[in-house]
Amino acid sequence: MRRLPVYLLLDTSGSMKGEPIESVKVGLESMVSSLRQDPFALESVFISIITFDREVKQILPLTELENLQLPEIVTPESGPTHLGEALEVLCKKVDSEVKLSTSDEKGDWMPLLFIMTDGKPSDLQKYNQMIPEVKKRNFASIIACAAGVKADTKPLLALTNQVYSLDTTDSSTFRQFFKWVSASVSVGNRSVGTSNDIALPPPPPEIHTVI
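Let me sum up the structure you'll find in this document. Per chain, residues are indexed from 1 in the order of the written sequence. For a predicted model such as this one, the threshold for reporting local features is a pLDDT of at least 70, and the threshold for listing and counting side-chain atom pairs is 80 or more; totals across whole chains, interfaces and linings nevertheless cover every residue. Where side-chain values are given, they derive from all heavy atoms of the structure, hydrogens and water being excluded.

**Here we look at the side chain of Asp108**
Secondary structure elements follow DSSP: runs of H or I no shorter than four residues count as helices, runs of E no shorter than two count as strands, and numbering proceeds from the N terminus. Along the chain, Asp108 falls in the loop between helix H3 (83-97) and strand S4 (112-117). Judged by its relative accessible area of 10%, Asp108 falls in the buried class. A 3.5 Å cut-off defines polar contacts: any pair of N or O atoms within that distance qualifies, except that in protein one atom must be a possible hydrogen donor and the other a possible acceptor, and neighbouring residues in sequence count only when both atoms are side-chain atoms. In terms of polar contacts, Asp108 uses its side chain to reach the side chain of Arg3, at 2.8 Å. Three labels apply to residues, based on accessible area from a 1.4 Å probe with only protein chains included: buried if under 20% of the type maximum, exposed if over 50%, partly exposed otherwise in between.

Printed below as a string of structure tokens:
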């Protein structure tokens, strides 16, 4: 069975401490639960989680949905948002974890990438350097979420034209976001490989498209 790799890059900087990060955890649990009810996803979806604040960590290597246990997500009291470094780690992980097609066998489906941040990259120079590197990895879809009023959409739009904003960082909004992510993964699971463009389901009212 060919795998569908799904990478989640989550902002865990100090501003996410408290209700926002707790809401993200609830949303992730809801997403995993929803995907497990989809037999297509259960057979092929593999999820990885990379967190970024002053440090960047892959807290979940690419793991099949069936055996996935969500790791503990912690946030520092304060500090920068190293999204550029997170993209660098992402590229390394994609290179080592995603199987490419060979003349003998088909590799994994093109991976999906979801990024969520409530601010902007503190390492903007590194971030801009990594944009072309990310694009070389041929993600089937890159979806970026700017969460809350302080999130800056401009850097995200340089990476992808699929940028969405959330007005608030409370649990109901994040739950809706991750519910939509799970629906998007299920769509990608069926259509990836047949077309480079995934027709995403329409986002719920809490999620606004950034143009």
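**What about the sheet that holds strand S7 (residues 207-210)?**
Two strands make a pair as long as DSSP finds a minimum of two bridges between them. The strand order across the open sheet built from seven strands is S3-S2-S1-S4-S5-S6-S7, with neighbouring strands paired in mixed fashion. Looking at which strands have only one partner, the edges of the open sheet turn out to be strand S3 (56-64) and S7. The average angle at which neighbouring strand axes cross in this sheet is 20°, direction not considered. Both strand S2 (residues 45-52) and S3 contribute to a ladder of six bridges, which runs antiparallel. A fitted line through C-alpha atoms represents every axis, and for helices the fit uses only the stretch in contact; the resulting angles, taken between N-to-C directions, go from 0 to 180 degrees.

**Section: the pattern of salt bridges**
Any Lys or Arg side-chain nitrogen located within 4 Å of an Asp or Glu carboxyl oxygen qualifies as a salt bridge. Evaluation of the coordinates by the stated rule reveals nine salt bridges. As a salt-bridge pair, Asp108 and Arg3 come within 2.8 Å of each other at their nearest N and O atoms. Linking Asp108 in the loop between H3 and S4 with Arg3 in the segment before strand S1 (4-11), this pair joins segments that are 105 residues apart in sequence. For the pair formed by Asp108 and Arg3, the shared burial category is buried.

**Some details on the packing of aromatic side chains**
Pairing of aromatic rings covers Phe, Tyr and the six-membered ring of Trp, with a centre-to-centre limit of 6.5 Å; geometry is then stacked below 30 degrees between planes, edge-to-face above 60, and tilted otherwise. Inspection of every chain in the model, using the stated rule, returns three aromatic pairs. Between Tyr164 and Trp180 the ring centres are 4.7 Å apart and the planes differ by 70°, which places this aromatic pair in the edge-to-face class. With Tyr164 in strand S6 (residues 163-166) and Trp180 in helix H6 (residues 171-191), this pair connects stretches of sequence that are 16 residues apart. Each of the two residues, Tyr164 as well as Trp180, counts as buried.

**Considerations on the packing of H3 against helix H4 (residues 124-136)**
Running from N to C, H3 and H4 point in directions that differ by 25°, and their axes come no closer than 8 Å. When the axis of H3 is compared with that of H4, the two are roughly parallel. Of the two elements, H3 crosses H4, and the hand of that crossing is left-handed. Side by side, H3 and H4 meet where Leu83, Gly84, Glu85, Leu87, Glu88 and Cys91 of the first sit next to Lys126, Tyr127, Met130, Glu133 and Val134 of the second. Roughly parallel means an angle under 35 degrees; roughly antiparallel, over 145; roughly perpendicular, 65 to 115; everything else is oblique. Helix crossings fall into two classes, left-handed where the near helix is turned counterclockwise from the far one by less than a right angle and right-handed where it is turned clockwise. Contact criterion: two residues are considered in contact whenever any of their non-hydrogen atoms come within 4.5 Å of each other.

Nothing here speaks to function; it is all geometry.
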